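These are the residues of each chain, in order.
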Amino acid sequence: MSAKNEKEFVKEVTPREVDFSQWYLDIVLKAEMMDYAPVKGCMAIRPYGYAIWENIQRLLDRRIKETGHENAYFPLFIPEGLLQKEADHVEGFAPEVALVTQGGGEKLSERLVVRPTSEAIICNMYSRWIQSWRDLPLLVNQWCNVVRWEKNTRPFLRTTEFLWQEGHTVHETEEEAEEETLKMLAVYREFVQSELAVPVITGLKTESEKFAGALRTYTIEALMADGRALQAGTSHNLGQHFARVFDIQFLDRSGELKYAWQTSWGVSTRLIGAIIMVHGDDRGLKLPPRVAPVQVVVVPIITKKQRETVLQKCAETGERLSPPVRVKLDLREEYSPGWKFNEWEMKGVPLRLEIGPRDIEKGGVTAVRRDTGEKLFLPQEDLPARVDSLLAEIQDNLFKLADRFRRDNTHRPSSYEEFTSLLEEKRGLILANWCGEESCEDGVKNKTRATIRCMPFAEDAENGNMEAGPCIYCGREKGTPVYFARAY
RNA sequence: CGGGGCGUAGCGCAGCUUGGCAGCGCGCUUGGUUCGGGACCAAGAGGCCGCGGGUUCAAAUCCCGCCGCUCCGACCA
């Protein structure tokens, strides 16, 4: 295909190299994932975008239940006084809460916060449900919406209202809570990598970056194609902070009254933004088959003489593949095949099957991979098996490409000068030693706009050496390696 | 929240400087011919010019305020 044609096909999308932000916005709108709603920072998630979310829910919900959790639902409204109980928590969330002051035409005696997260209301309920060690562990998850009045919004990445899941668990001991926190972090990591094909690094957040009210926050961080990092999920060990202020106490095995240990963890519709920014290209989305609403699109090549034969073969092919494959037959006759090719590429459908007179004559279908653009001929006999293995290959390839990109864009500077020039010229993840002082973290942030994304676990040391050394900022000799990056 | 840009048909835009019939391309509707990488012909439909106020005989156009989107910062799960 000529360069000119290549350009023509994507004229509706700003190339990534020109303006990555604009590219992202073009994609989410033109692939019909969302549309702007008439409230600032709010969006309608359109069926095609929501179908991805439903797949995320289905695949993650299964894992959450397999690890022993049950789903429940708690109120959208939280009495203002409840949110204010935990000092750090209220300090963290107060600036971004929406308040309901009126109901039923009358001023409320106590204002209601629209949940920015549900620790307060859930802990309030938990204090009534827990009396004995026999009530523990309490393992509950909730799928819901939350509202945070953000100043700067971006579709899927940071919206005023968003959808997520939040797990809230209660345990007898600190060790159990820590184990749960790490277990769910591992679930997230496995889920995001194997289903979304998004490689992540895991680690501990710094004190300044941790969840408001938590003892410790662990995170999975992904690297976007523009070299910026995205926090893709977090798991918090809440310690006894909330138990103390919400009075979650239980009689332990020796008859002693103890405060419980808690965790909370969540991922949101932000994951959809990650999929877009990790895999997409100038022609549009590239969806990992495991979460793609449409895994295979069948495009008939209709000609005057062969119309019925072709349509029949398409229907037949669809029936052979679905289920289990999510197949879409695009039988619209008002669009040319070429137009459809471009549209489904924009929408990121992993595999396209073209069926025309020539394919029928040769006894198969033409297949085109979205990830590589590769064109293949698949004989009818082993079509289901070939489609199945191609989808698996595409899933695998998307992960490999993203993982290679992440590795290629992880740097290990040996001086502060190299550190700053890497941030200016290449971005990406920068593994550098840090002494642990907040003043150095702030210093780097103020000068370079890069933040510490996480303090990685030692076993994740696949990107060069994890040896301790002088702090990249102050030069003191006690720094340990942490990941810096500019983040969304 | 501060600074810049933008807001005119579903989408992309022109018109605004210098006030005077609301325009173009794509898309949409209907009919027909087509269909292997965004087909073609013909006939149509579609407007609170973001919202509110002001100036004027007259406002998309000038002035003031507000809202929204966006970029750069600040703030932040």
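Here we summarise the structure given alongside this text. What you see is a predicted model, and the numbers here were worked out from it, not measured in a lab.

For the rest of this paragraph, the subject is the pattern of salt bridges. As enumerated under the stated definition, the model contains 34 salt bridges in all. Two residues, Glu195 and Arg290, come together in a salt bridge whose shortest N-O distance is 2.3 Å. Of this pair, Glu195 sits in helix 7 (residues 174-195) while Arg290 is found in the loop between helix 9 (270-279) and strand 15 (296-300), placing the two residues 95 residues apart along the sequence. One connected set of salt bridges, linked through shared partners, spans Arg63, Glu190, Glu195 and Arg290.

Most of strand 14 (residues 261-268) sits inside the fold, with 8 of its 8 residues counted as buried. Alternating positions in strand 14 separate into two faces, Trp261, Thr263, Trp265 and Val267 on one and Gln262, Ser264, Gly266 and Ser268 on the other, with burial throughout. Alignment of strand 8 (residues 161-171) against strand 14, held across 8 bridges, turns out to be antiparallel. Note on strand 14: the bridge partner recorded for Glu166 is Gly266.

This paragraph deals with the packing of aromatic side chains. Any two aromatic rings considered together are summarised by their centre-to-centre distance and by the angle between their planes. Applying the stated criterion across every chain, the model contains 14 aromatic pairs. On the basis of an interplanar angle of 45 degrees and a centroid distance of 5.8 Å, the ring pair of Tyr126 and Trp129 is categorised as tilted. Taken together, the residues span about one helical turn, with Tyr126 and Trp129 both in helix 6 (residues 119-129) at a distance of 3 residues. Taken together, the ring pairs connect Tyr416, Phe419, Tyr473 and Phe484 into an aromatic cluster.

Calculation criteria
- Residues numbered from 1 in each chain as written.
- Chains lettered and ligands numbered in written order.
- Predicted model: local features only at pLDDT ≥ 70, side-chain atom pairs only at ≥ 80, totals over all residues.
- Heavy atoms only, no water.
- Salt bridge = Lys/Arg side-chain N within 4 Å of Asp/Glu carboxyl O.
- Helix = DSSP H or I, 4+ residues; strand = E, 2+ residues; numbered from the N terminus.
- Buried < 20%, exposed > 50% of the residue type's maximum accessible area, 1.4 Å probe, protein only.
- Pairing = 2+ DSSP bridges.
- Phe/Tyr/Trp six-rings, centres within 6.5 Å; stacked < 30°, edge-to-face > 60°.

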